[in-house]
Amino acid sequence: MRYTISSLVCLALAASTVIAGSAPEIDDEFQKVTCGSSIKLTHEKTGFKLHSHQIPYGTGSGQQSITAVPGKDDTNSLWLVMAQLGNTCERGETVQCGSTIRLKHINTKKFLHSHNHHSPMSGGLEVSAYEGQDDGDNWVVECTNKKDKFWTREAVVKMKHLGTGMYLSSSSRHVYGNPIPGHQEVAAHRGEYQPAEHTWSAQEGVYFAENVKEEL
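Note that the structure is a prediction, hence the values are computed from the model and not measured. (Residues numbered from 1 in each chain as written. Predicted model: local features only at pLDDT ≥ 70, side-chain atom pairs only at ≥ 80, totals over all residues. Heavy atoms only, no water.)

Attention now goes to empty space enclosed by the protein. The final tally for this structure, using the stated rule, is one cavity of 30 Å³ or more. Put simply, the largest cavity is a space of about 50 Å³. If you trace the largest cavity, you find it lined by Ser122, Ser169, Ser170, Ser171, Arg173, His174, Glu185, Val186, Ala187, His189, Tyr193 and Glu197. Secondary-structure elements contributing two or more residues to the lining of the largest cavity are strand S11 (167–175) and strand S12 (184–189). For the lining of the largest cavity, the element with the highest residue contribution is S11, accounting for five residues. Across the lining of the largest cavity, the residue classes tally to three nonpolar, six polar and three charged. (1 Å grid on protein atoms, 1.4 Å probe; cavity = no way out; pocket = protein on both sides within 12 Å on 5 of 7 lines; lining within 4 Å. Points joined across faces, edges and corners; volume = space filled by probe spheres on them. Helix = DSSP H or I, 4+ residues; strand = E, 2+ residues; numbered from the N terminus. Nonpolar A, V, L, I, M, F, W, Y, C, P; charged D, E, K, R; others polar.)

Let us now look at unusual backbone geometry. Cis geometry is found at the peptide bond from Asn178 to Pro179, where omega equals 10 degrees. Among the secondary structure elements, Pro179 is positioned in the loop between S11 and S12. Unlike most non-glycine residues, Lys109 shows phi in positive territory, near 65 degrees. Tracing the backbone shows Lys109 in the loop between strand S6 (100–105) and strand S7 (111–118).

Okay, the environment of Glu90 next. On the secondary structure map, Glu90 appears in the loop between strand S5 (79–83) and S6. Distance from Glu90 to Gly36, taken between C-alpha atoms, is 7.6 Å for residues 54 residues apart in sequence.

For the rest of this paragraph, the subject is the packing of aromatic side chains. Following the criterion strictly, the structure yields zero aromatic pairs and no others. Over the aromatic face of Tyr207 sits the side chain of Arg153, whose NZ or CZ is 4.4 Å from the ring centroid. One cation-aromatic arrangement involves Lys158 over Tyr167; the distance from NZ or CZ to the ring centre is 5.8 Å. (Phe/Tyr/Trp six-rings, centres within 6.5 Å; stacked < 30°, edge-to-face > 60°. Lys NZ or Arg CZ within 6 Å of the ring centre and 35° of its normal.)

Within the secondary structure, His53 is located in strand S3 (residues 49–56). Among the polar contacts listed, one links the side chain of His53 to the side chain of Ser65, at a separation of 2.8 Å. (Polar contact = N/O pair within 3.5 Å; in protein donor to acceptor, adjacent residues only side chain to side chain.)

Attention now moves to the environment of Lys109. A relative accessible area of 37% means that Lys109 is categorised as partly exposed. Spatially, the C-alpha atom of Lys109 lies 9.2 Å from that of Leu80, the residues being 29 residues apart in sequence. Looking at Lys109, its side chain comes within polar contact range of the main-chain oxygen of Ile106, at 3.1 Å. (Buried < 20%, exposed > 50% of the residue type's maximum accessible area, 1.4 Å probe, protein only.)

Take the state of the cysteines next. Throughout the structure, instances matching the rule amount to two disulfides. Here Cys35 connects covalently by a disulfide to Cys89, the sulfurs 2.1 Å from one another. Between Cys35 and Cys89, the S-S dihedral sits near -115 degrees, and the bridge is therefore left-handed. One end of the pair, Cys35, is in the loop between strand S1 (17–19) and strand S2 (38–43); the other, Cys89, is in the loop between S5 and S6, with 54 residues separating them in the sequence. The exposure class assigned to Cys35 is buried, which follows from its relative accessible area of 4%. In this model, Cys97 is linked to Cys143 through a disulfide, with the two sulfur atoms separated by 2.0 Å. When the S-S torsion is -90 degrees, as for the bridge of Cys97 with Cys143, the disulfide is left-handed. (Disulfide = S-S within 2.5 Å.)

Moving on: the pattern of salt bridges. Pairing of side chains with opposite charge becomes possible as their charged atoms draw close. A full pass over the atoms with the stated rule returns five salt bridges. With a shortest N-O distance of 2.7 Å, Glu204 and Lys49 are connected by a salt bridge. Taken together, the residues Glu204 in strand S13 (residues 199–208) and Lys49 in strand S3 connect sequence positions 155 residues apart. Exposure remark for Lys49: the relative accessible area of 2% places this residue in the buried category. One salt bridge connects Lys110 with Glu131, and the closest N-O pair in it is separated by 3.8 Å. Taken together, the residues Lys110 in the loop between S6 and S7 and Glu131 in the loop between strand S8 (125–130) and strand S9 (139–143) connect sequence positions 21 residues apart. With a relative accessible area of 22%, Lys110 lands in the partly exposed category. Overall, the relative accessible area of 48% leaves Glu131 in the partly exposed class. The network of salt bridges with shared partners includes Lys45, Arg173 and Glu197. (Salt bridge = Lys/Arg side-chain N within 4 Å of Asp/Glu carboxyl O.)

What follows is the structure, encoded as structure tokens:
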């Protein structure tokens, strides 16, 4: 598989960034998830990372597939935090709980997306990576701690698809074979369906400090 890491390198060279996990303690200014940061979303129940690659679904939309994988070092698990379609957010702008965002796959430049096609294994809605840039790319960040005002690293969140109302989900009960053995299915499900499988947290990545004024 061919990886494109130029975007990651450019981010890492920026002055006001921190690579998560590179130090035992992180300054407070890097604790919040901000626009322009490249993050890895970790599934809370299984520890797998939200992932994509240049492998299309064989059913449904035929768009680029989304899975969850166990490894921490795969650049195909990096996602750029961006404003919802039609809006902009400045690099370093914090993401409030309840905000609508998009996640752009660093390596393939496609957006985390959902629609009314059925997922191949669990019977939920398909989650894909799509370059078309439409309303299916919009996701609402729901913080599970109601006292939280902003999305912060390590905090548990749910990602609710704005168009369908379904939640980003994964499960060790639904695992692919070849050509992607060991990858878990990622789908979108109703909130009442296996709610423990809907929770995620932002962990490894390249984070911008707050208030770095450069429009994306």
